[in-house]
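# A look at the structure
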Amino acid sequence: MKLLILNGPNLNRLGKREPGIYGAETLADVESKLDKIALAQDVELAFYQSNWEGALVDKIHEAEDIGLDGIIFNPGAFTHYSIALRDAVASITVPVIEIHISNIHSREPFRQNSVIAPVCIGQISGFGTDGYELAYQAFLLRGKGV
Ligand code: CA2
């Protein structure tokens, strides 16, 4: 199984500010934790973070072209308004799980809606950086036909 862990704007700043909302781990910490888990399970992970909407669109298209099995996607603030990212997810057959570190549904009204979630297979929100691992486990369970 090959999965892409895709992160949007400002997630490269994780662990550097606002630990009360987003925790103390850096994105590199999150990625190396996932890599260790995947190594033991014959799962190949690729990681990509960008602050640019178009770069994220290109990466989503590429996932389809190279035949990945799934994308774990934290679109950051693009979650709430990027129709381009929604259309990119809708344009591929690769399943996408949207994840958020914070519980977007209990935050400011402008964060409570995701324009991308309706074209994803599911959303995980509010479990801190563990959300990435929960999404990973969800893909493993799907792979087993659960
Ligand atoms: O909860 C999440 O994972 C978010 O996707 C994080 C985004 C936010 O815009 C979404 O509404 C919810 C923010 C990305 C990280 O922003 C930082 C801000 C300060 C310090 C570190 C990261």
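This one's a predicted model, so the numbers in the text were calculated from it and none came from an experiment.

## With respect to the site of the ligand
Taken together, 16 residues lie around the ligand, and Asn-74, His-80, Ile-101, Ser-102 and Arg-111 are the ones closest in. Measuring from an oxygen atom of the ligand, one finds a backbone N or O atom of Ile-101 at 2.7 Å. Measuring from an oxygen atom of the ligand, one finds a side-chain N or O atom of Arg-111 at 2.9 Å. Burial of the ligand by the protein chains amounts to 92% of its free accessible area of 510 Å². With respect to the detected pockets, the ligand is housed in the largest pocket. Of the residues in the shell around the ligand, the class split is 6 nonpolar, 6 polar and 4 charged.

## Comments concerning the sheet that holds strand S1 (residues 2-7)
Reading across from one edge, S2-S1-S3-S4-S5 is the order of the 5 strands in this open sheet, with parallel pairing throughout. The two strands at the open ends of the sheet, each matched to only one other strand, are strand S2 (44-49) and strand S5 (122-125). For this sheet, the mean inter-axis angle between neighbouring strands, taken without regard to orientation, is 20°. Bridge analysis of S1 against strand S3 (residues 70-74) gives 5 bridges, and the strand direction is parallel. Among the inter-strand pairings, Leu-4 is bridged to a residue of S3, identified as Ile-71.

Quick notes on the rules
- Residues numbered from 1 in each chain as written.
- Predicted model: local features only at pLDDT ≥ 70, side-chain atom pairs only at ≥ 80, totals over all residues.
- Heavy atoms only, no water.
- Near = heavy atom within 4 Å.
- Polar contact = N/O pair within 3.5 Å; in protein donor to acceptor, adjacent residues only side chain to side chain.
- Areas by Shrake-Rupley, 256 points an atom, 1.4 Å probe, with all protein chains shown as cover.
- 1 Å grid on protein atoms, 1.4 Å probe; cavity = no way out; pocket = protein on both sides within 12 Å on 5 of 7 lines; lining within 4 Å.
- Sits in = over half its atoms within 2 Å of the grid points.
- Nonpolar A, V, L, I, M, F, W, Y, C, P; charged D, E, K, R; others polar.
- Pairing = 2+ DSSP bridges.
- Helix = DSSP H or I, 4+ residues; strand = E, 2+ residues; numbered from the N terminus.
- Axes fitted to C-alpha atoms, helices over the stretch in contact; angles between N-to-C directions.

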